[in-house]
Structures are given as structure tokens and as C-alpha cells.
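# Breakdown of the fold
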Amino acid sequence: MAASDSTRGAHRFARRPERRNSPGLLCTGRAVFIPFVSAVFALAAVMLFVGACRTATVTTTSEASNETLTSVVPESGLPRQIAIISPEKANDFGWNQQGVESVKAVAAEIGAEVLVSDGAGYDDIAPIYRQLVAAGADWMVLWASGYNTVGKQLAQETKTRTVLVGAFETGLVPDLCTDFETQAQDGAYLAGVVAALMSKSGTVGIVSSADDENWNKMAGGFIAGVRATRPQVLIRLAQVGQAAYADAAAGKRVTESVIATGADVILGMGDGSSFGMIQAVENATPPGGADKVWFIDVIGDKSILDTRGILLTSVVWDYRPLLRAALAEMKAGTYGDSVGYLDLGNGGIGLLKSDKIPAEIWQAVEAAKVRITDGSVEVPVIYKKSDLEALVD
Amino acid sequence: MSGILSPEFLSALISGMVLAGMPLLLAGLGETIGEQAGVLGLGMEGYMLFAAYAGFNGALYGGSPWLGLLAGLIAGLAAALLVAILCVWLRLDQVVVGIGLILLGEGLTSVLHAVQFGDTSPRLPSVPGLAIPGLSRLPVVGDSVFSQPVIFWLGIVLILVVHLLLRSTRWGLKVRAAGDRPEALDAAGVGVTRTRFFAVLVSGALAGLGGAYLSVVSSGFFWPFMTNGAGFMAIVLAMLGRGRPVWVGVGAFLFGACVSMATALQLVGVDVPTDAVFMLPFLAVMTALVAFARRSYLPAALGVPYRREGS
């Protein structure tokens, strides 16, 4: 009956329309002009609201930081307000959170205030930078390599000491800009030792969220550690996306595929997408020969989130040593003269000791650490994904 | 790498296709209904973000993935209500409102996430699958297709439901008329505004389901900007589908298959730069656009606010 009604209706008011081009989305005439103007106002209101929200984030975090201030007054020559701009929210138990927490810790040590602008994205940060400097920040920490070009320009424009990451020597400007780098491959080498000794299936996997220099360096170190410990172990390598740092769903999907190739230990590097990787590991059916799938994290310590006992260890980064070194350089007048490296020696890079790692394997880790620090083992530094792929092949 | 193509691996790839395709399918079906009624859902990304956030909260505090999906559906509905009021009732420009909704979705969910989960990162348990007796034991497709959560089957059923609604019911006829010949619909005594209004609400509800699927089923997690352009892909799929829900479904899972294939190519060790591999899904969509879009038929009044002559 309904179909019959529909057919009649079709003749009544919905004859097959002529195939013609749509009149388009933009209409002309006074009748459309007024709603269009209203829409522009509506959009402006929305953007103001979003902008206000972002500003609120900065302010709130700053107030929260103020609560932890001590009565220490910074020494002359040291910053009184340290500001950090991070691309994503500082609750990722990873890169962004680690950076913000390191800045807060070091600021508390010298009695400086902290201004945090997290979730700033990967676009132009110039307005945020200028806003923070106007608010009194006299040391800017820019927490993404994508900020380097504009960061250096802004530092020179505002005469504000700035920290860049991943710029190497090109980021150095005496008494103005310094640069932080990592020797994260050393920590990942240790993780590779653990993975090789823990794997029962004989296959380990590496999942990274992006073609990121730090991810590549760690993947290279991990591969070297595995190869040096058990050369016969197979290594599977997969990247989630071009910049899928926040894509948890894709992280889960790719990790499931890597586990399906037989990997029972996964090194996951991803920021927000790490959580998808973790869910994939938690719900994985162990591959042949294994009774469990393990996850090795990077940068932060997600132990408190590990309700299913799958977190084997983490290549932890701690930027406090480099921030303290930069403060010492300010006092010594050598700020911006050299690049700072986070490594095993200064305690900035390390491997999380968890109760999942048997004592004899941890001894192997300690032995490998000694060999790296005394120079008898040189961990390769690999920056490009294509070089990594060649290693896996 | 020759031994990599095991049944488990192929099964994981098909699972990946479903995971990547399902949100696009649900949102694409929603967009199809909206477009057929003449309302461009440019704000799909915003609908999905609101729904992903609400869905995550619903599942987290309600303790059930179904409550999460329901919360997502309601959030999508609420966002669509805003769009319906602005675009259908007040006849504002659909492009401008759509962009505004995307910005609002991105900004608001980011702020809410920071406020609510600023110091924690709670996660949801995995959504259990429904093993279809007999079929779930088949090699390769048993785990990947016939052990999917119920929402997957609901999505498949929705393809048929939307198809029947649009093609075989009076309501569907009204919706298509509202997009093609709103003046004819009006002349027949049917309210164009009311028809479009309701179509936009249904569109938002389906997009909401898609957004909630992302946070509740795909990842068990909410993260700002986690839709990663899925809303835009849904719009493209709806346009390629030319009002045919079955083609929207085919497109969604084709895209999912290409995304999954990108992972497979990396793991198999094909000597192609990773950047090129990641272009594969988008190349497939662009190829489909070139091949089919020239013949694609969009409703004549799509994006055009309806005004009765003389009003």
C-alpha cells in the first residue's frame, strides 16, 4: 500500500527532475543576503567562543601551577615565568604531558611561575607566543619541532629566551635560543633487549603513529637491541599514518594487524594513538608459541592505567636534566651555545623497571646500559623511515 | 615476508577494514538522508566529534557500550537540531553553519576533554563480539566478520532500512522531493521545512552513531580531533553514492579496505615509500570521483534554503 501511495505521489509532486546543475551553494539577492550576514555573525560568535575556551585553558593551567609555587624567588638572570606551548593536551602520558610536567618541576625548583598552553595544534603559534610573552613569560619552551622556524623568529622579535626541540645547530642563537635533542635510541636499545628475551613467538612488532624523527630513532635503537640479543627474532614494522598522533582507532587497527603477523611484544610509539595500541594488545589473542602479548611504551609511564597487566616497560624520557642544564647555562652566560642531548648518562633517558621483567632479563638490560655508556656499544641513529625499512628487510 | 599472509593476518586486515569503514558508513548514511532532503551536512565532522565525546562518557559512566552509542546518537541529534534550526528554519547559509559546527565541535570537545580528563585518561573495555553460530568458525572471515559486535550488523541492516525508507516510503518520497523540487512538495501541501527539519535530525542521529562507534567500539577512548577527517569522507561517500545507501556502504568498506591495505603493504614489505602507501585510500576515492562523480546526481535544491515564492 505504501509503495502504491508513493508511486502516486511521485506523479503528483516529484516528477523525475531534469538533470541540471545545482544552482550552487551561494545564492544572490537580498533575500539571501540577510541570512548570510546572520550566519557570518553566528560563525564569529562560535569562533569567539572557541577562542575564549582556548584562552581559558591557558589561564586555568597557569592558576593551577601557581598553587604549587614555593616562596623561592628566582635568582637574578633566571626566568621568573616559564611558558610552554605543546601541540596536544598534556594528559597523554607521553610527549606533551612529560614536557609540561618537566617544566613545572624545574620551575618549582627555582620559584618561577608556569604558563601552559597545551593543545595548541601544529599551526602558527605566533599569536599564542606573543600572548604568553605579553603575560610576562621570559622563557619560552616550544614543544614541537614544527614550531622551530617561527619560534626562532619570535625569539628574535621579542628578545625572549626560547627552547626549541629537534632543530639541532640551526636552532642555536647565543643567549637567545637553545635546542634539545634526544639520544632516545639508547633507551630503545634496552627495550629491544627486553623484547628479544621476552618474546616467545620469536616475532616482535614496532608500531609508530607517524614518520617522526624521534620515533624513527627509537625504532632504530629497538631493532639494534633485538638484533644484538637474539638475531633470529623477526621484526615487523608498521606506521599508523602520516601524522596519526591522536588517531587511537587507527592505532588499534594497525596494532591488531601487527600482532596477527605473530608479534607478541609490541613497541608502540604514538601519543594519543598509543591508547588504541594498548587496547589492541589487551584484547589480542596471543600468536602461536606465546601465552601473552606485551606492550612497550615510550616517553611516559602508563603503569597506573595498566589494568590488564600488559605494560612490560617504557622508554621513559625526562627533560628535567636538560632544563636544569639550560638554567645553568643562563647563569654562566653560555645559553644557546650548544645543543642539549637527553641521554642515558644524564638520566634523561631510561627504561622503566617493572615487575613484569624477570631479574635475569633486567640484569641483561643493566649490562647493555653499561656497554652503551662506556662506548663499547654504539647504538645507530636512524632518522629516516626508509632507512628503518632497510634494516627490517 | 612470504609467510606473513596467514589466515590470522588476513583476518586482522578484514577486521581493520570493518573498523575503519563502519564510522564512515553510519555517517555516510546520515549525510545521504540530509543531502537528499536538500541540506548539506558540512558539519558532519562536528556531529561526530560531539557524539564521540558523548558516547565515550555514556559508556564510561553508564557501564554499557549501548548507553554510549545511545548517548552518541542523542549528541548527534542535538547538534543536528542546532543545524536544523539555523539552516532549515532560519535559512542561514549551510556552508557557513557547517564550518561553524566543525569549529565548535573541535573546540568544545577539546576543552571538555581537558577539563574532565585533564589528569586521567580513562579507557573503555573492549566491546564483545557476537559470534554467529557456525559462521564464526570459518577461517579468515569467522573472526573478522562473523564475530563483530552487534552494532556492525545494525549498520548493515541500516543500509537496507535507509534504502527502503528513501525509495519505498512516502516519507522517503517527501525527503527526495524536498531536495529536488521543494516548490512542488510545497504545492502538494507538504511542509518543506518540516520535512527537511526531520531529515536533518535523522542525519545527525546516524552521524552520532558513527562518532560514538569511533570512541566506544573502535578505540575505547576519546581524544580531541579523533575523527581525523571521517566526517568529510562521509560527505564524499554520500555524494559518490548518489543517494543510494548500498553504494555508500560499498564506498565506506572500500575505503576501509584501502586503509587496511596500506598497513598490509607495509608489513608485507612492498618496496614503496610509506607516504605513497598512505595515499592509497585517498587515491581510491579520487579515482572513484573521476570515474563516477561526473555522472553523480545531486539534488537540485541541495544547499539552497527554501523560500515560498512571494514570501
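Residues numbered from 1 in each chain as written. Chains lettered and ligands numbered in written order. Predicted model: local features only at pLDDT ≥ 70, side-chain atom pairs only at ≥ 80, totals over all residues. Heavy atoms only, no water.

## Thoughts on a nonpolar patch on the surface
Let me state the cut-off plainly: Patch building starts from residues that exceed 30% relative accessible area and form no salt bridge, then joins like charges within 9 Å and nonpolar side chains (Val, Leu, Ile, Met, Phe, Trp, Tyr) within 5 Å. The protein chains shown are the only cover counted for residues, whose accessible areas, like all others here, come from Shrake-Rupley with a 1.4 Å probe. Here, a salt bridge means any side-chain nitrogen of Lys or Arg that lies within 4 Å of a carboxyl oxygen of Asp or Glu. Here the term buried applies to any residue with accessible area under 20% of the maximum for its type, exposed to any over 50%, and partly exposed to those in between, with areas from a 1.4 Å probe on protein chains only.
A contiguous nonpolar surface patch, about 340 Å² in accessible area, is contributed by Trp66, Leu130, Val150 and Leu154 of chain B. Residue classification places Leu154 of chain B among the partly exposed residues on the basis of a relative accessible area of 36%.

## A closer look at unusual backbone geometry
Residue and element names in this part refer to chain B. Spelled out, the test is: Under the DSSP-based scheme used, a helix requires at least four consecutive residues in state H or I and a strand at least two consecutive residues in state E, with every element numbered from the N terminus.
The phi angle at Phe225 is positive, at roughly 65°, despite the residue not being glycine. Within the element layout of this structure, Phe225 appears in the loop between helix H9 (192–218) and helix H10 (230–241). The backbone of Arg242 shows a phi angle near 50°, a positive value even though the residue is not glycine. Tracing the sequence through the fold places Arg242 in the loop between H10 and helix H11 (245–268).

## A few points about the pairing of strand E9 (residues 294–299) of chain A
Residue and element names in this part refer to chain A. Convention followed: Should DSSP find at least two bridges between two strands, the strands are regarded as paired.
Of all six residues in E9, six are buried; the element is thus mostly enclosed. Relative to E9, strand E8 (residues 265–269) runs parallel, the two being bridged by three bridges. Note on E9: the bridge partner recorded for Leu267 is Ile296. Taken together, the five bridges between E9 and strand E10 (residues 311–317) define a ladder with parallel strand orientation. Following the sheet pairing, Asp297 is matched in E10 by Ser314.

## A closer look at the sheet that holds strand E4 (residues 161–165) of chain A
All names here are of chain A. As a reminder, the rule being used: Here, axes are lines fitted to C-alpha atoms. For helices the fit covers the stretch in contact, and angles between N-to-C directions go from 0 to 180 degrees. Working rule for contacts: check all heavy atoms of both residues, and any pair within 4.5 Å makes them a contact.
The six strands lie next to each other as E2-E1-E3-E4-E5-E11, forming an open sheet whose pairing is parallel. The open sheet terminates on both sides in strands that have one partner only, identified here as strand E2 (113–117) and strand E11 (340–342). Adjacent strand axes in the sheet meet at a mean angle of 20°, parallel and antiparallel pairs treated alike. Sheet topology note: the strand E5 (residues 177–182)/E11 ladder contains three bridges and is parallel. Looking at the pairing, Phe180 lines up with Gly340 of E11. On top of the sheet, helix H10 (residues 320–332) reaches strand E3 (139–142), E4, E5 and E11; it is set at about 155° to E5, its chief contact.

## Structural notes on the confidence of the model for chain B
Condition: pLDDT measures the predictor's confidence residue by residue and takes values from 0 up to 100.
When pLDDT is averaged along chain B, the result is 91; 97% of the residues meet or exceed 70. Two numbers describe this predicted complex: its pTM, 0.78, and its ipTM, 0.82.

## Some points on the nonpolar core
As a reminder of what qualifies: We define a nonpolar core as any set of buried Ala, Val, Leu, Ile, Met, Phe, Trp, Tyr and Cys residues linked to one another through side-chain atoms lying within 4.5 Å.
By size, the foremost hydrophobic cluster in this structure holds 81 residues, and its most contacted members are Met22, Leu29, Tyr47, Val200 and Tyr213 of chain B. Examining the composition of this core, we find that 11 residues originate from one element, H9 of chain B, more than from any other. When sequence neighbours within four positions are dropped, the list of residues in contact with Tyr47 of chain B reads Gly76, Ala79, Ala80, Val83, Leu101, Val200, Ser203, Gly204 and Ala207 of chain B. Among the nonpolar cores identified, the runner-up in size contains 75 residues, and Ala90, Tyr189, Ala196 and Leu344 of chain A belong to it.

## Looking at empty space enclosed by the protein
Residues and elements named next belong to chain B. For clarity, the cut-off: In the cavity and pocket records, a cavity denotes points on a 1 Å grid over the protein atoms alone where a 1.4 Å probe fits but cannot get out, a pocket denotes an open set with protein on both sides within 12 Å along at least 5 of 7 lines, and lining residues are residues with an atom within 4 Å of a point. Grid points are joined across faces, edges and corners, and a volume is the space filled by probe spheres set on the points. Gly is put with the polar residues, along with every residue not named as nonpolar or charged; the nonpolar set is Ala, Val, Leu, Ile, Met, Phe, Trp, Tyr, Cys and Pro, and the charged set is Asp, Glu, Lys and Arg.
In this structure the tally under the stated criterion is six cavities of 30 Å³ or more. What the largest cavity holds in volume is close to 50 Å³. Every residue along the wall of the largest cavity is listed here: Glu31, Gly34, Glu35, Val39, Leu40, Gly41, Tyr47, Val83, Val200 and Ser203. Of all the elements in the fold, those that place two or more residues in the lining of the largest cavity are helix H1 (7–36) and H9. Per-element tally for the lining of the largest cavity: the top contributor is H1, with three residues. Partitioning the lining of the largest cavity into residue classes produces five nonpolar, three polar and two charged.

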